[in-house]
Amino acid sequence: MAAPSQSRKLRIIDHRTGLTYEMDIKAGGDGKGLKLYDPGFVHTAPVKSTIAFIDGRNGILRYRGYPVEELAERSTYLEVAYLLCKGNLPTKSQLSEWEAAIQRQSSMPEELLASHYSYERALIGALPRDSHPKQNFATALYALISFNPDANPLVAGHDLYKTEAAQNLHIIRIMGKAASLAGAIYVHMEGQKPIQNPNNSLNFSEMILYMFQSMGDQDFKPNPALAKALDVIFVILAEHELGTATAATLHLASSSGVDVYTAIAGGTSALSGPNDIGAVEAVLDMLNEIGSIENVAFYIEEAKKSNTKLPGIGHRVYKTYDPRAKASLIQKLAEEVYDVVGKDPLVAAALENAIIADEYFINRKLYPNATFHLGLLLRQLAHWKESMNDPSTRLMRPQQWYTGQRLRHYSK
Ligand SMILES: CC(=O)SCCNC(=O)CCNC(=O)[C@H](O)C(C)(C)COP(=O)(O)OP(=O)(O)OC[C@H]1O[C@@H](n2cnc3c(N)ncnc32)[C@H](O)[C@@H]1OP(=O)(O)O
Ligand SMILES: O=C([O-])CC(=O)C(=O)O
């Protein structure tokens with residue numbers, strides 16, 4: 001006899017708040033065992049971590065305890081990367097050692113740029129110039145494992161990443177290479193042949209702009225305002241606990257124990273979807289479509305009527321302003337960038353003001369998120385390292401609620 005539907009629920013009382021939650025219980029395929037149906041992992045924490053703290057109700061984001069706003073104001077991206085990967089901010093000498101080590105890794109494997117035959121038949125040269133840069137970047141990142149067999153547990157031994165020295169070696173290597181690869185992919189897509197060796201006298205963000213813009217001119221100097229903006233963007237997007245990209249990285253790394261290049265390439269691919277950082281481009285398209293301030297009110301009403309989700313708005317965790325999208329942090333930076341690139345941010349500002357004053361968005365606690373104002377990022381390395389060192393790391397194997405047919409046979 002089927003159990004009454006009430007008894008297929010697990011009731012949980014949160015004694016901190018007195019709130020009661022009811023979760024659907026689903027049995028395993030054998031009709032036994034306990035599975036909780038939790039779409040989107042809304043009530044599930046599959047790992048513990050000491051890297052980022054988020055309080056979504058109050059719009060707080062801290063890395064290793066430091067507020068993100070403070071880090072954006074006071075630290076460089078490489079300092080923050082050190083903090084995330086190693087747990088504390090570096091001393092002066094630790095920082096210069098870290099920066100130099102990453103810079104030393106920034107030249108690209110020759111095979112990515114030149115095959116035995118020609119550039120066009122080398123890996124980067126063969127990528128379609130008109131496909132999306134994020135997919136080309138993830139492809140090139142993934143290819144790095146083929147050129148680094150010493151990073152592959154299948155080749156170098158399953159215990160490869162057991163030591164911190166091995167973890168750090170590959171973190172440094174992938175950070176140096178990823179920056180150059182991003183530049184190479186961009187230049188390739190612009191129809192040029194990328195340069196192999198970056199200018200090592202520049203800092204990390206200047207170096208990326210150099211790779212993007214120098215076209216081989218060794219005297220090229222990146223614009224300081226753009227380099228600073230890029231660095232701050234990297235800082236504020238450097239970490240966000242289990243966003244899709246990090247969750248995908250951990251799923252690969254902790255579950256199947258793959259190398260760091262495969263795990264990060266997987267995470268980078270996950271990041272590009274329109275529900276995540278892919279929303280950045282959708283925001284730009286939306287602003288173009290709106291065109292001018294006079295169209296903002298109509299655009300919002302149409303979106304509400306048709307139940308369309310506006311890109312750059314809403315967040316699973318933040319039920320107030322995403323701290324990374326706050327005026328004090330990002331708008332100041334945006335003004336400096338707009339001064340250089342000459343864009344007019346008025347439509348974005350009008351849209352933002354209209355949304356935060358609109359009952360529909362207020363009632364649903366929908367505010368601008370980081371993608372409303374921002375661009376690219378690199379972030380999952382600290383989590384990869386943490387999962388390598390956590391003895392309680394277990395194969396991540398969520399289970400599904402099967403709603404298909406139980407058993408079928410071929411009919412004649
Ligand atoms: C750095 C980052 O990746 S930040 C995220 C970037 N992504 C985007 O900007 C895409 C646009 N936003 C969204 O798609 C969503 O808000 C997400 C995916 C970010 C979060 O989704 P969820 O937490 O699952 O929220 P959910 O979809 O349940 O929405 C709750 C309610 O708000 C509405 N809503 C959510 N986002 C939006 C939006 N952007 N515009 C209009 N309404 C929205 C939903 O329709 C729903 O309304 P209902 O209660 O009347 O049914
Ligand atoms: O955390 C999330 O769900 C998405 C996000 O903001 C991020 O990855 O930066």
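Keep in mind that what you see is a predicted model, and the values were worked out from it rather than measured.

A.B. asks: Just give me the short version of the packing of aromatic side chains, but keep the residues and values in it.
C.D. replies: Counted by the stated rule, this structure contains eight aromatic pairs. Judged by centre distance (5.3 Å) and plane angle (40°), the ring pair of Tyr77 and Phe204 falls under tilted. With Tyr77 in helix 2 (residues 77-86) and Phe204 in helix 9 (residues 204-213), the pair connects residues that are 127 residues apart, well separated along the chain. Note on Tyr77: relative accessible area 4%, which makes it buried. Arranged with centres 5.8 Å apart and planes meeting at 50°, the rings of Tyr321 and Tyr367 form a pair that is tilted.

A.B. asks: How would you explain unusual backbone geometry if you had to name every residue and give the values?
C.D. replies: Backbone geometry at Arg64 places phi at a positive 50°, although glycine is not the residue there. Along the chain, Arg64 falls in the loop between strand 5 (60-63) and strand 6 (66-67). One non-glycine residue, Lys365, lies in positive phi territory at about 55°. Structurally, Lys365 can be placed in the loop between helix 17 (359-363) and helix 18 (381-389).

A.B. asks: Got a sec to walk through the sheet that holds strand 2 (residues 19-26)? Specific residues and values, please.
C.D. replies: Picture the strands of a sheet paired through backbone hydrogen bonds; they go either parallel or antiparallel. What the three strands build is an open sheet, ordered 1-2-3; its pairing is antiparallel. Of all the strands in the sheet, the pair left with one neighbour each is strand 1 (9-14) and strand 3 (35-37). In this sheet, adjacent strand axes meet at a mean angle of 45° when their direction is disregarded. In this sheet, strand 3 lies alongside strand 2 in antiparallel orientation, the contact comprising three bridges. For Lys26, the partnering residue across the bridge sits in strand 3 and is Lys35.

A.B. asks: Would you mind going over the site of ligand 1 in detail, with residue names and values included?
C.D. replies: Close contacts around ligand 1 come from 20 residues, with Asn275, Lys309, Leu310, Gly312 and Ile313 the closest. Within the side chain of Asp276, an N or O atom sits 3.3 Å from an oxygen atom of ligand 1. One of the side-chain nitrogen or oxygen atoms of Lys309 is found 2.6 Å away from an oxygen atom of ligand 1. Expressed as a share of its isolated accessible area of 940 Å², the protein-covered part of ligand 1 is 71%. Classifying every residue of the shell around ligand 1 gives nine nonpolar, seven polar and four charged.

A.B. asks: Residue-level account of helix 2, with values.
C.D. replies: Two residues of an α-helix separated by three or four positions point the same way, owing to the 3.6 residues in each turn. Burial analysis of helix 2 places nine of its 10 residues in the buried class, the great majority of the element. All buried positions along helix 2 are accounted for by Tyr77, Leu78, Glu79, Val80, Ala81, Tyr82, Leu83, Leu84 and Cys85. Just past helix 2, the residue Gly87 takes up positive phi, approximately 105°.

About the cut-offs
- Residues numbered from 1 in each chain as written.
- Chains lettered and ligands numbered in written order.
- Predicted model: local features only at pLDDT ≥ 70, side-chain atom pairs only at ≥ 80, totals over all residues.
- Heavy atoms only, no water.
- Phe/Tyr/Trp six-rings, centres within 6.5 Å; stacked < 30°, edge-to-face > 60°.
- Helix = DSSP H or I, 4+ residues; strand = E, 2+ residues; numbered from the N terminus.
- Buried < 20%, exposed > 50% of the residue type's maximum accessible area, 1.4 Å probe, protein only.
- Pairing = 2+ DSSP bridges.
- Axes fitted to C-alpha atoms, helices over the stretch in contact; angles between N-to-C directions.
- Near = heavy atom within 4 Å.
- Polar contact = N/O pair within 3.5 Å; in protein donor to acceptor, adjacent residues only side chain to side chain.
- Areas by Shrake-Rupley, 256 points an atom, 1.4 Å probe, with all protein chains shown as cover.
- Nonpolar A, V, L, I, M, F, W, Y, C, P; charged D, E, K, R; others polar.

Treat this as a map of the structure, not an account of what it does.
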